[in-house]
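Now for the letters of each chain:
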Amino acid sequence: FLYAVSDMKPAKEADSNTLGLTLYFVGLDTFKANRRMVSKSYSGLVSTMAGDLYDDYYSESDPISIETTTGFQRLSIPNMAPDDALNFLARRAYSSEDESSMIRFFQNRDGHFFTSPAYYANRFASNTHSFSYNSFADQTAEGQVKLMSQIIDIDFGEAVNTIGDLKEGKYNSSTIEVDILKREVTQNQYKYLDEYQEYKYPDGKDVSTRHTKEFMDDSAIDPHVKVIVKDYGDPDSSQYPSLRPSTFEHRTRNHKHAAAYHYNANAIRVKIYGRNDIVAGSKIYLDLVKFMKDRNEAEKDDAWSGTYFVESVNNIFYEHTYVQELTVSKYGVNAKPESANTAEYVLDATNPDVDKPDISAFIVGPQ
């Protein structure tokens, strides 16, 4: 269903013969579903909630694929469009099978999905196409076939932004859970470099980060400690059955936000000649060489070569040419992860300018 037209302007400067425009499409079923609003409470697994909501608002002829989540929750959706409601559930989804918990709700040409990139890539992604940047096609039939596997343009984006990484707090962070009824305070400290080995990646391989552990352990802190007022019970305790089940807030807030930040930070953009079978969620293999000027032979770039997950696709048609601009990511460059650092993380020991949170200030009643 064509739902929007924008960017209507001459395709080239000083060209009054060709009009360019951008078309936006969505499945007709999705368009019809979002003419209604969701005002309902759900309880159980978040994945079950997503399935029930989808069954209530979307067509049975267009089924959804859902990744099973962990832990019972009780959530109320006040007044949201179905797409927004499913994104709301995705933000609160937690998976013990993949601690990154990067579950998203999205639609591509093959259907609707409530999954993480790794889950989708391992079960639904189409056959992997291989593309290279150093091929030189000719006008022969073989050359034109080779042209379809050539990268027209590649943009590695922001290679590194140390200040941005430190400011975002996506390497080290801390949350405090205040349990008023039990008069307890729990501090949860998170280190991305100790956790990311447990995450699952679209290419199924280990990845490494752009900073060393020694540097990030010394420099990357999160002075903005997040405080969570606990109105839910412990997963293994029935002492307070009236409370709603655990929302896994400290896990999803730390793991999900950090994983998403690094996933986006490691995204690169490539332009290829159009292929009809590449959609958001496809897997492609990039066979890249190092850019060297001091010698003739090409050397493979082992860091950036590898299997990538296609995050988004822009299809561009100009006269007789069809190209695709892809945003792809594999969370990071391939490498063997550094061993986990089990040293205790203390704020005032790593940065004397930042005070350690006064946990006693959050304790209610006699101390």
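Structure: see above.
What counts, and at which threshold
Residues numbered from 1 in each chain as written. Predicted model: local features only at pLDDT ≥ 70, side-chain atom pairs only at ≥ 80, totals over all residues. Heavy atoms only, no water. Patch = residues over 30% accessible without salt bridge, like charges linked within 9 Å, V, L, I, M, F, W, Y side chains within 5 Å. Areas by Shrake-Rupley, 256 points an atom, 1.4 Å probe, with all protein chains shown as cover. Salt bridge = Lys/Arg side-chain N within 4 Å of Asp/Glu carboxyl O. Helix = DSSP H or I, 4+ residues; strand = E, 2+ residues; numbered from the N terminus. Expected span 1.5 Å × (residues − 1). Buried < 20%, exposed > 50% of the residue type's maximum accessible area, 1.4 Å probe, protein only. Pairing = 2+ DSSP bridges. Axes fitted to C-alpha atoms, helices over the stretch in contact; angles between N-to-C directions. Contact = heavy atoms within 4.5 Å. Polar contact = N/O pair within 3.5 Å; in protein donor to acceptor, adjacent residues only side chain to side chain.

Draft legend 1. Here's a closer look at a nonpolar patch on the surface. Judged by side-chain polarity, Leu2, Val5, Met8, Leu19, Leu21, Leu23 and Phe25 come together as a nonpolar surface patch covering roughly 680 Å² of accessible area. With four residues, the top contributor of residues to the nonpolar patch is strand β2 (residues 19-25). With respect to the element layout, leucine 2 can be found in strand β1 (residues 2-10).

Draft legend 2. Representation of helix α9 (residues 249-265). Relative to the 24 Å expected for 17 residues at 1.5 Å per residue, α9 spans 23 Å between its end C-alpha atoms, a close match to the ideal helical length. Along α9, the residues classified as buried are His250, Thr252, Asn254, His255, Lys256, Ala258, Ala259, Tyr261, His262 and Tyr263.

Draft legend 3. Local environment of the sheet that holds strand β13 (residues 226-229). Pairing is mixed across the open sheet formed by three strands, whose spatial order is β11-β10-β13. Edge strands, defined here as strands with exactly one partner in the open sheet, are β11 (184-191) and β13. For this sheet the average axis-to-axis angle between neighbouring strands, irrespective of direction, equals 20°. Looking at chain direction, strand β10 (residues 172-179) and β13 are connected through four bridges and run parallel. When the bridges of β13 are listed, glutamate 177 appears paired with isoleucine 228. Together, β10, β11 and β13 form the strand contacts of α9, whose direction differs from that of β10 by roughly 165°.

Draft legend 4. Representation of the side chain of lysine 330. For lysine 330, the location among the structural elements is in the loop between β17 (321-329) and β18 (333-334). Lysine 330 sits in the buried class, given a relative accessible area of 1%. Of the polar contacts made by the side chain of lysine 330, one reaches the backbone oxygen of serine 305; its length is 3.0 Å. Discounting chain neighbours no more than four positions away, the residues touching lysine 330 are Tyr201, Asp203, Val207, Ala303, Trp304, Ser305, Gly306, Thr307 and Tyr308.

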